[in-house]
Amino acid sequence: MNSLLDAGSLTTKLEDILRTYYDEDEDEWRLAKKTNDVSAWRKPSEEFNGFLYKVEGVVKEAPNRIVDYIRPGPYRLDWDTLMTSMDIVHQFDQGCCVMKYTTAGQLWNIISPREFVDFSYTTQYYDGLLSCGISIEFGEAQPGFVRGFNHPCGWFCVPLKDNPEHSLLTGFIQTELRGMLPQSAVDTAMASSLVNFYTDLRKALKV
């Protein structure tokens, strides 16, 4: 794996791309879904013929614990209702790995189960953390799954200045599900799954 993947250059590329997304003006985004405590926006992706989603909400916890539940590790599979399996394929330095994971079917299985192989990286971001990733080409998809592809994506988690025990969690997701899917189904699934992500995460952190 080390000979096939330059982890150093990939981490730099990911950080640069995610920081660009984070600094974009609000008027670049179009509202896709909103609840009382989570908002999701989207804009055309520059990586593929689909959308880049931005999702944001406040979580009542410090960044370190929140990111521990998001990044690859012992917690994620226990609470993320969309994820059905996760394996660490290769471990680089601390906070840097390649993982393979599968997701459940969505919208009454209009979107069938997917499999992803992602390079994942977590680093400091000012007073908080950034956990980001990108899919890589690795082997064949296992039977019964369509191999999806995550273009540069990630989660910024920073403490609120006036209440450091709460954090602002901002995600940028652009997933190419692949397969023959109606775009309306993809858009519905993406916005809903991102909002549900916050619901599931908040429940897990209360345990």
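Everything below is about the structure printed above this text.
In this report, the structure presented in the accompanying data block is examined. Computed from a predicted model, the values in this text were never measured in an experiment.

Okay, the packing of helix α2 (residues 63-70) against helix α4 (residues 183-206) next. Think of two packed helices as two axes; the pair is described by the angle between the axes and how far apart they sit. Where α2 contacts α4, the two axes come as close as 11 Å, and the packing angle between them is 115°. The interaxial crossing formed by α2 with α4 has right-handed handedness. Together, R65, I66, Y69 and I70 of α2 and F197, L201, A204 and L205 of α4 make up the contact between the two elements. Considered class by class, the residues forming the contact of α2 with α4 number seven nonpolar, no polar and one charged.

Before going further, it helps to examine the side chain of R42. Within the secondary structure layout, R42 lies in strand β2 (residues 39-44). R42 sits in the buried class, given a relative accessible area of 15%. A distance of 3.4 Å separates polar atoms of two side chains, one belonging to R42 and the other to D187.

Direction of pairing for strand β1 (residues 30-34) relative to β2: antiparallel, over a ladder of four bridges. Across the sheet, the residue bridging to K34 is S39, located in β2. Linking β1 back to β2 in an antiparallel pair, the connection comprises four residues.

Rules and cut-offs
Residues numbered from 1 in each chain as written. Predicted model: local features only at pLDDT ≥ 70, side-chain atom pairs only at ≥ 80, totals over all residues. Heavy atoms only, no water. Axes fitted to C-alpha atoms, helices over the stretch in contact; angles between N-to-C directions. Helix = DSSP H or I, 4+ residues; strand = E, 2+ residues; numbered from the N terminus. Left-handed = near helix turned anticlockwise from the far one by under 90°. Contact = heavy atoms within 4.5 Å. Nonpolar A, V, L, I, M, F, W, Y, C, P; charged D, E, K, R; others polar. Buried < 20%, exposed > 50% of the residue type's maximum accessible area, 1.4 Å probe, protein only. Polar contact = N/O pair within 3.5 Å; in protein donor to acceptor, adjacent residues only side chain to side chain. Pairing = 2+ DSSP bridges.

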